[in-house]
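Geometric and topological summary
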Amino acid sequence: MRKISIVFALVILLTSSLTLAGPGRGKQEAPGQNMGPTIVDVASSVNAATGEFSILIAALTSADPAVLQTLQGKGQFTVFAPTDAAFISLLGELGLTADQLLSSTDLVTDVLLYHVARGARFSEDVLGSDRIRTLNKSFIFQEGGVLTDQNDRTSSIIATDIPASNGVIHVIDTVILP
């Protein structure tokens, strides 16, 4: 538990400094323009510092390129980001290696899109919703900070409100499946 607290304290520190030092700071920009690091930039920076999102980053580069473009774009999104431990647990459940999972572009794309919702939904918005529509046009259900997928798998939200210029990241402890 202490490791998780240290990691997520570092995440918050890292994202705060990235947001303050991000490009465009102090410039007037048109609404909708990115004024700092995107969701992908933040996840990559956190991964570089902690190694917590290496499989997630690999999945983003293995998925349909439109997923990466979307999460680097100007729209606002909420990402429920599974940790590496969450992915390793899933691989064990499925009896697959990371390479086997990542080689299936369609599967990786579908799973990633199931972890993304339109709009920047901070923790109070997520906790105030009992269901959230995802980019793969399915729903995840939420109750008390626990997400439930279409297969009744559950995932706890373990860190919230990590800001990016194009949305927000919430860290989860289990990969949810469409």
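To keep things clear, this report deals only with the structure shown in the data block.

Calculation criteria
Residues numbered from 1 in each chain as written. Predicted model: local features only at pLDDT ≥ 70, side-chain atom pairs only at ≥ 80, totals over all residues. Heavy atoms only, no water. Buried < 20%, exposed > 50% of the residue type's maximum accessible area, 1.4 Å probe, protein only. Helix = DSSP H or I, 4+ residues; strand = E, 2+ residues; numbered from the N terminus. Pairing = 2+ DSSP bridges. Polar contact = N/O pair within 3.5 Å; in protein donor to acceptor, adjacent residues only side chain to side chain. Contact = heavy atoms within 4.5 Å. Patch = residues over 30% accessible without salt bridge, like charges linked within 9 Å, V, L, I, M, F, W, Y side chains within 5 Å. Areas by Shrake-Rupley, 256 points an atom, 1.4 Å probe, with all protein chains shown as cover. Salt bridge = Lys/Arg side-chain N within 4 Å of Asp/Glu carboxyl O. Lys, Arg positive; Asp, Glu negative; His and termini not counted. Charge placed at Lys NZ, Arg CZ, Asp CG, Glu CD. Arc of directions from axis to C-beta. Axes fitted to C-alpha atoms, helices over the stretch in contact; angles between N-to-C directions.

**Focus: the pairing of strand E1 (residues 77-82)**
Within E1, six of the six residues are buried, which leaves the element mostly enclosed by the surrounding structure. Of the two faces of E1, the one lined by Phe77, Val79 and Ala81 and the one lined by Thr78, Phe80 and Pro82 are each fully buried. Strand direction decides the pairing type here: E1 and strand E2 (residues 116-118), joined by three bridges, are antiparallel. For Val79, the partnering residue across the bridge sits in E2 and is Val116. Pairing analysis gives six bridges linking E1 to strand E7 (residues 167-172), with the strands arranged parallel. Among the inter-strand pairings, Val79 is bridged to a residue of E7, identified as Ile169.

**Structural notes on the side chain of Thr174**
Here Thr174 lies in the segment after E7. Among the polar contacts made by the side chain of Thr174, one reaches the main-chain carbonyl oxygen of Thr154 at a distance of 3.5 Å. Not counting residues up to four positions away in its chain, the partners in contact with Thr174 are Ala86, Arg153, Thr154 and Ser155.

**Digging into a positive patch on the surface**
Taken together, the side chains of Arg118, Arg131, Arg133 and Lys137 define a basic patch exposed on the protein surface. Here Arg131 shows up in strand E3 (residues 131-133).

**Quick look at helix H7 (residues 105-113)**
Those residues of H7 not exposed but buried are Val108, Thr109, Val111 and Leu112. Looking straight down H7, one finds its buried side chains confined to an arc of 165°; they lie on one side.

**A closer look at the sheet that holds strand E4 (residues 139-143)**
Read across the sheet, seven strands follow the order E2-E1-E7-E6-E5-E4-E3 without closing on themselves; strand pairing throughout is mixed. Both edges of this open sheet fall to E2 and E3, since each of them pairs with a single strand only. When the angles between neighbouring strand axes are averaged without regard to direction, this sheet yields 30°. Judged from the three bridges that link them, E4 and strand E5 (residues 146-148) form a sheet pairing that is antiparallel. Directly across from Phe141, in E5, lies its bridge partner Thr148.

**Considerations on the pattern of salt bridges**
All told, the structure shown has two salt bridges when counted by the stated rule. Salt-bridge contacts for Arg153 lead to Asp149; the nearest nitrogen and oxygen are separated by 3.6 Å. Residue classification places Arg153 among the buried residues on the basis of a relative accessible area of 15%. In this structure Asp149 comes out as buried when scored by relative accessible area, which is 2%. Residues participating in the shared-partner salt-bridge network are Glu93, Asp149 and Arg153.

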